[in-house]
Amino acid sequence: MKQFSYIRAEDVAGAVAALSADPQARLLAGGTNLVDLMKYDVMSPATVIDINRLPLKDIETLEDGSLRIGALVSNAALAYDPTVIDRFPLLASALLAGASPQLRNAATTGGNLLQRTRCYYFYDPSSPCNKREPGSGCGAIGGVNRIHAILGTSASCIATHPSDMCVALAALDAVVEVEGPDGRRDIPFLDFHRLPGDEPQYDNTLAPDEMVVAIRLHPDHFAANHSYLKIRDRLSYAFALVSVAAAIDMKDGAIVDIRVALGGVAHKPWRDPLAEAECAGKPADEATFRQLAQRLLAGAQGQGGNDFKIPMAERTIIRALTQAASGTPQVQSEKAIR
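Residues numbered from 1 in each chain as written. Predicted model: local features only at pLDDT ≥ 70, side-chain atom pairs only at ≥ 80, totals over all residues. Heavy atoms only, no water.

A. Representation of the pattern of salt bridges. Summed over all chains, the structure comprises 21 salt bridges. The salt bridge partner of Asp186 is Arg216, with a shortest N-O separation of 3.0 Å. Here Arg216 lies in strand β8 (residues 211-217) and Asp186 lies in strand β7 (residues 183-188), a separation of 30 residues in the sequence. On the basis of relative accessible area, Asp186 is assigned to the partly exposed category, the value being 40%. Accessibility expressed as a relative area gives 14% for Arg216, which makes it buried. What you see here is one network of salt bridges that share partners, running through Glu60, Arg68, Glu177, Glu179, Arg184, Asp186 and Arg216. (Salt bridge = Lys/Arg side-chain N within 4 Å of Asp/Glu carboxyl O. Helix = DSSP H or I, 4+ residues; strand = E, 2+ residues; numbered from the N terminus. Buried < 20%, exposed > 50% of the residue type's maximum accessible area, 1.4 Å probe, protein only.)

B. Seen up close, the sheet that holds strand β1 (residues 5-8). Pairing is parallel in the open sheet, where 3 strands are placed in the order β1-β3-β2. Two strands in the sheet have a free side with no partner beyond their single neighbour: β1 and β2 (25-28). For this sheet the average axis-to-axis angle between neighbouring strands, irrespective of direction, equals 25°. Across 4 bridges, the pairing between β1 and strand β3 (residues 47-50) is parallel. Residue pairing across strands places Ser5 opposite Thr47, the latter belonging to β3. (Pairing = 2+ DSSP bridges. Axes fitted to C-alpha atoms, helices over the stretch in contact; angles between N-to-C directions.)

C. Molecular detail of the pairing of strand β11 (residues 254-263). A large share of β11 lies buried, amounting to 7 of its 10 residues. Pairing analysis gives 9 bridges linking strand β10 (residues 242-251) to β11, with the strands arranged antiparallel. Paired with Ala245 across the two strands is Ala261, which belongs to β11. As consecutive antiparallel partners, β10 and β11 are separated by 2 residues, and within that stretch Asp252 has a phi angle of approximately 55°, a positive value.

D. Seen up close, the packing of aromatic side chains. Considering all chains together, one arrives at 4 aromatic pairs under this definition. The interplanar angle of 70° and the centroid separation of 6.5 Å between the aromatic rings of Tyr120 and Tyr121 together place this pair among those described as edge-to-face. Note on Tyr120: relative accessible area 39%, which makes it partly exposed. Judged by relative accessible area, Tyr121 falls into the buried class, the value being 15%. Taking 6.5 Å as the distance between ring centres and 20° as the angle between the ring planes, the aromatic pair formed by Phe189 and Phe192 counts as stacked. Among the aromatic residues, ring-to-ring pairing joins Tyr40, Phe122 and Tyr123 into one connected group. (Phe/Tyr/Trp six-rings, centres within 6.5 Å; stacked < 30°, edge-to-face > 60°.)

What follows is the structure in structure tokens.
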């Protein structure tokens, strides 16, 4: 075990100050990702800042109808919150598709956003990985890459983002509230995570001295017609090979607004608002859904071991949208759809 300093923050300002004082510091909330990375010797923070005492555990409805979710709300508490189930069931469904009950009890909303990438080579310090060690190469390119990305890849990295929750948040156009030395700022969810480019070591657009304090969801019309469909190697406690968060606002069988976000296929939750906008006014049927799926997957490229993901993703998009349009979402839990 490598030595590190431990700080217990008593308020947000103190946590931000501790981050600013040490570029090698990392925040500890549920610890479901950071502790594993430290055990595997993938990350070795000089300072661990425990933020579990901070007042960031509330779920509240704001005056404009938005829902504000504190960064320390557990994934389990969020999934079973009555307001989330009633108004944002797509989010509840995605949460219940992820991890295990034990992990959902510990994992936090803010921490879920900050999960490190999913890649065999990233978690193996003996293998080359540009994300872990810039310039060392990408072992997955030309290697074992069955779980890897088909969209938004680069010559430096083909890793995928691991979160289910984030796929739903991308579809719901969430906003991430962050706090730093210069105060608070909002980041639109689609701008929060990054594609790898030539700097795959950076997963998101947070500054090193900023922390997530909350997530906001604006009022929408997707509670009735939604579905979160996750295709994986086993029914529970497995990452997505392909996942789809689908939501539709319809009138007389025609699409008013449609949202589709993909997981398991890119370095970030994948969405194309321009492709969605082209569906407005079209019938909510298989032909429209197929056209949208093909548009979303334009430019998809397999790496050999994951070529199967391209046709799988198309089928999954069509199926998820069909479920959403018919008002029969994929069931994750009876409690989540009551």
